[in-house]
Amino acid sequence: MSDTSLKTPPSTGAASGGVKLVLRLEGLAILVAALVAYQHAGFAWSTFAWFVLLPDVSFLGYLAGPRIGALSYNLAHSYVGPVLCLAASVWLSAPVLMCAALIWLAHIGVDRLFGYGLKYTRGFGFTHLGRLGKTTL
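Structure report, in brief. Here the structure is a predicted model, which is why all the values come from computation and not from measurement.

1. Topic: the environment of Arg131
Note on placement: Arg131 falls in strand 3 (residues 130-131). On the basis of relative accessible area, Arg131 is assigned to the partly exposed category, the value being 47%. It is 9.0 Å that separates the C-alpha atoms of Arg131 and Tyr116, two residues lying 15 residues apart in sequence. When neighbours within four sequence positions are excluded, Arg131 is seen to be in contact with Gly125 and Phe126.

Below you can see the structure in the form of structure tokens.
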């Protein structure tokens, strides 16, 4: 019995098959967890609305070219930043950092769920979840 979802990924460097589905489900899980934690913490939903798109300011890096654009986008859309921010919020007892981290995590979760992955320097449309615009999982 052969499982094609576990075969070597295509030469594009993008996830495919079952692996791609798992990565999108991880995005959904992060989104739900961040929203539940945000509600539980009692943060204002108006704050969420104001700041949820803030990580997308990183798109401006593409004005300096695809290498800088991919770097700035990936820094703003990696789980590393918000998880460190969340840890700092606990360590420093700083609710504002927790609020920021949960909004940031929710943003990344939505992006991953809809297939917006980390970028390669070949251009904005080349992501670890596949080429943007393709509808196949």
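2. Structural notes on the packing of aromatic side chains
Taken as a whole, this structure holds five aromatic pairs when the rule is applied. When the ring of Tyr38 is compared with that of Phe43, the centres are 5.3 Å apart and the planes differ by 50°; the resulting orientation is tilted. Across the pair, exposure class does not vary: Tyr38 and Phe43 are buried alike. Relative to Trp45, the ring of Tyr38 lies with its centre 4.8 Å away and its plane at 55°, an arrangement referred to as tilted. The exposure class assigned to Tyr38 is buried, which follows from its relative accessible area of 0%. In this structure Trp45 comes out as partly exposed when scored by relative accessible area, which is 38%.

3. Section: a nonpolar patch on the surface
On the surface, a nonpolar cluster with roughly 760 Å² of combined accessible area is contributed by Trp50, Phe51, Leu54, Val57, Leu60 and Leu63. Looking at the secondary structure, you find Phe51 in helix 2 (residues 45-51). The exposure class assigned to Phe51 is partly exposed, which follows from its relative accessible area of 45%.

Rules behind the numbers
- Residues numbered from 1 in each chain as written.
- Predicted model: local features only at pLDDT ≥ 70, side-chain atom pairs only at ≥ 80, totals over all residues.
- Heavy atoms only, no water.
- Helix = DSSP H or I, 4+ residues; strand = E, 2+ residues; numbered from the N terminus.
- Buried < 20%, exposed > 50% of the residue type's maximum accessible area, 1.4 Å probe, protein only.
- Contact = heavy atoms within 4.5 Å.
- Phe/Tyr/Trp six-rings, centres within 6.5 Å; stacked < 30°, edge-to-face > 60°.
- Patch = residues over 30% accessible without salt bridge, like charges linked within 9 Å, V, L, I, M, F, W, Y side chains within 5 Å.
- Areas by Shrake-Rupley, 256 points an atom, 1.4 Å probe, with all protein chains shown as cover.
- Salt bridge = Lys/Arg side-chain N within 4 Å of Asp/Glu carboxyl O.

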